[in-house]
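Structural overview
Residue strings, one per chain:
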Amino acid sequence: MSFKRSRSNVVEKSLSAQEQQEKISEVKQSLGHVCEKLPAVCSDASVLRYLRARNWNVKKASKMLKDSIKWRLQFRPEKIRWEDIAAEAERGRVYKADYFDKLGRTVLVMRAGLQNTSSTSGQIKYLVFCLENAIMHSRPEQEQMVWLIDFQGWNMSSISVKVTRETAHILQDHYPERLGLAIMYNPPKIFESFWTMVKPFIEPKTYKKVQFIYSVGPQAQKVMEQYFNMEELDSAFGGKNTRGFDFKAYDERMKEEERKKWEMVQSSTCPSPVYTSSITSETLSDSLISELESDEDDALPDSEEPTSSNLNELEEKLQQLPLDYNDDENANGKKIHESPFSVSNKGVPDSEEQPHKGELSSKPT
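Residues numbered from 1 in each chain as written. Predicted model: local features only at pLDDT ≥ 70, side-chain atom pairs only at ≥ 80, totals over all residues. Heavy atoms only, no water.

**So, the overall build of the chain**
Put simply, the rule is: A run of H or I in DSSP counts as a helix once it spans at least four residues, and a run of E counts as a strand once it spans at least two, with each numbered from the N terminus. Note on exposure labels: buried denotes an accessible area under 20% of the residue type's maximum, exposed denotes more than 50%, and partly exposed covers the range between, all computed with a 1.4 Å probe on protein chains only. Two residues qualify as a contact provided that any one of their heavy atoms is within 4.5 Å of a heavy atom in the partner residue. Each accessible area is a Shrake-Rupley estimate made with a 1.4 Å probe; only the visible protein chains count as cover when residues are assessed.
When helices and strands are counted, the chain shows 14 helices and seven strands. Counting over 365 residues, the chain shows a buried share of 50%. Restricting to contacts in the chain with at least 6 residues of sequence separation, those with at least 24 account for 79%. Per element, the accessible surface of the chain, about 18100 Å² overall, is 48% carbon and sulfur.

Take a look at the structure:
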């Protein structure tokens, strides 16, 4: 076992393949019969992600996975149909790109300045659908995804503290180690104030994967070229693809993907076994939830969990910020302020984590 210190000053462990396998076995043992009933959710690859997220602490990883299984059994993400959430996609606020990055990772494009509905539950349900869809259609060798976030048209009125908190909670607690990189493209200066406020709600490992890029910066084009094929990349992010978002075409694409997904599920050839093993009867779901909840002794207090007072304080601070703000530069041009969050002079974001030597490979589930 070796150690390395991250930029967040947290000492991260680096385990050999044998040590990792021993940790995986310990987590599975702590879950007992649940692993037998939901083998895909408790696969080695899945457990490995939770262990990494909790820095190889078996007890914390076990609790995290148990909570995630309970959430899946209650929320039932695999049962969300495109027709249920299509309205949230009409303006293209969030959609899956039709290209991968150069590492073969699925790309989710987010237009932070757009909104379709005011329904918090609808927005969260659509986010979960997008995450599940991205994982379902990820390449076999790649389990992480990239978020490209365009800030054109964004202002403080676009913010929902509740949606922001729930988004961070779902991504960090139920899809650990799925985010490989998030690029904040041309965020206005006022966003940096908001980002500083929400930082306490974001885990250091997630925070490290976020890069702020400004299109007029000397390194912006170089960084984007290292991650993306510029012929495929949307022009909003400095690429040459000017097609833009077409809801009609996207709607047809999602319907076709859903049709194929359910055909594979029914024929047991689904590439993501989470679907085939987690679609259980309501009775079995209730039984599993009860089994997980009965194990209270393993519960660990999470000192980093935001409290109501924390959230009230955050909302009060947000109310003190102006709803609109004019930067020294705008996204179209002409003069963008220098930012402490800009990419480094090296041109390559240093948040990209390389696999440790000897680390077990983990396939997507």
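This is not the end of the story, as more comes after the structure.
**Things to note about the pattern of salt bridges**
Here is the rule we go by: For this analysis, a salt bridge means a side-chain nitrogen from Lys or Arg found within 4 Å of a carboxyl oxygen belonging to Asp or Glu.
The full count for this structure, using the stated rule, is 21 salt bridges. Linking Glu257 and Lys96 is a salt bridge whose minimum nitrogen-to-oxygen distance equals 3.1 Å. Placement of Glu257 in helix H11 (residues 247-267) and of Lys96 in strand S3 (residues 94-100) is noted, with a sequence separation of 161 residues between them. Look at Lys96 and you get buried, because its relative accessible area is 6%. Its salt-bridge partner being Glu256, residue Lys260 comes within 3.9 Å of it at the nearest N-O pair. Remark: Glu256 and Lys260 occur in helix H11; sequence separation between them is four residues, near one turn of the helix. Take Lys260: its relative accessible area is 43%, and that puts it in the partly exposed class. Via salt bridges that share partners, Glu256, Arg259, Lys260 and Glu263 belong to a single interconnected network.

**Topic: the pairing of strand S6 (residues 179-185)**
Threshold: Here a strand pair is declared whenever DSSP counts at least two bridges between the two strands. Consider the strands pointing away from the viewer: the crossover is right-handed when the path from the first strand over the helix to the second runs clockwise.
For S6, the tally of buried residues reaches seven of seven residues, placing the bulk of the element in the interior. Judged from the six bridges that link them, strand S5 (residues 145-150) and S6 form a sheet pairing that is parallel. Counterpart to Met145 in the pairing with S6 is Leu179. The parallel pair S5 and S6, bridged by helix H7 (residues 161-174), forms a crossover whose chirality is right-handed. Bridge analysis of S6 against strand S7 (residues 210-213) gives four bridges, and the strand direction is parallel. Directly across from Tyr185, in S7, lies its bridge partner Ile213.

**Concerning helix H3 (residues 44-53)**
Burial analysis of H3 places nine of its ten residues in the buried class, which makes it a mostly covered element. Every buried residue of H3 is listed here: Ala45, Ser46, Val47, Leu48, Arg49, Tyr50, Leu51, Arg52 and Ala53. Asn55 sits one or two residues past H3 and shows a positive phi near 50°.

**Observations regarding unusual backbone geometry**
In the Ramachandran plot, Glu177 falls in the positive-phi region, its phi being about 65° despite a non-glycine side chain. Positionally, Glu177 belongs in the loop between H7 and S6. Glu177 gets classed as buried once you look at its relative accessible area, which sits at 12%.

**Points about H7**
Quick note on the threshold: A helix is expected to span 1.5 Å for every residue after the first.
The end-to-end C-alpha distance of H7, which contains 14 residues, comes to 19 Å, matching closely the 20 Å that a straight helix rising 1.5 Å per residue would cover. Every buried residue of H7 is listed here: Val161, Val163, Thr167, Ala168, Ile170, Leu171, Gln172, Asp173 and His174.

**Description of the pairing of S5**
Most of S5 sits inside the fold, with six of its six residues counted as buried. On S5, burial covers both faces: Met145, Trp147 and Ile149 on one face and Val146, Leu148 and Asp150 on the other are all buried. Sheet topology places strand S4 (residues 106-111) next to S5; six bridges connect them, and they run parallel. Bridged to Arg111 within S5 is Asp150.

**A short note on the confidence of the model for the chain**
To keep it simple, the criterion reads: Confidence of the predictor in every single residue is expressed as pLDDT, which spans 0 to 100.
Of all residues in the chain, 71% have pLDDT values of 70 or greater, and the mean over the chain is 79. A low-confidence stretch, residues 328-359 (pLDDT under 50), is modelled with 72 contacts involving residues beyond four sequence positions or located in other chains. Contacts from residues 361-365, a stretch scored under 50 in pLDDT, to residues over four places away or in other chains number 27 contacts.

**Considering the nonpolar core**
Where we set the bar: Put simply, a nonpolar core is a bunch of buried Ala, Val, Leu, Ile, Met, Phe, Trp, Tyr and Cys residues held in one set by side-chain atoms that sit within 4.5 Å of each other.
Within the largest apolar cluster, 63 residues are counted, with the highest numbers of intra-cluster contacts made by Trp82, Tyr126, Trp147, Leu148, Met224 and Phe228. When residues of this core are assigned to their parent elements, the largest contribution, nine residues, is made by helix H6 (residues 120-136). Those residues within four positions of Phe228 in sequence are excluded, and the remaining contacts are Tyr99, Asp101, Lys102, Val107, Val146, Leu148, Ile183 and Leu233. Core analysis: the next-biggest nonpolar cluster, separate from the first, contains 24 residues, Val47, Val58, Leu65 and Leu292 among them.

**Some points on the side chain of Arg54**
For Arg54, the position within the fold is in the loop between H3 and helix H4 (58-75). Those residues in contact with Arg54 that sit more than four places away from it in its chain are Lys60, Ala61, Met64, Asp173 and Glu203.

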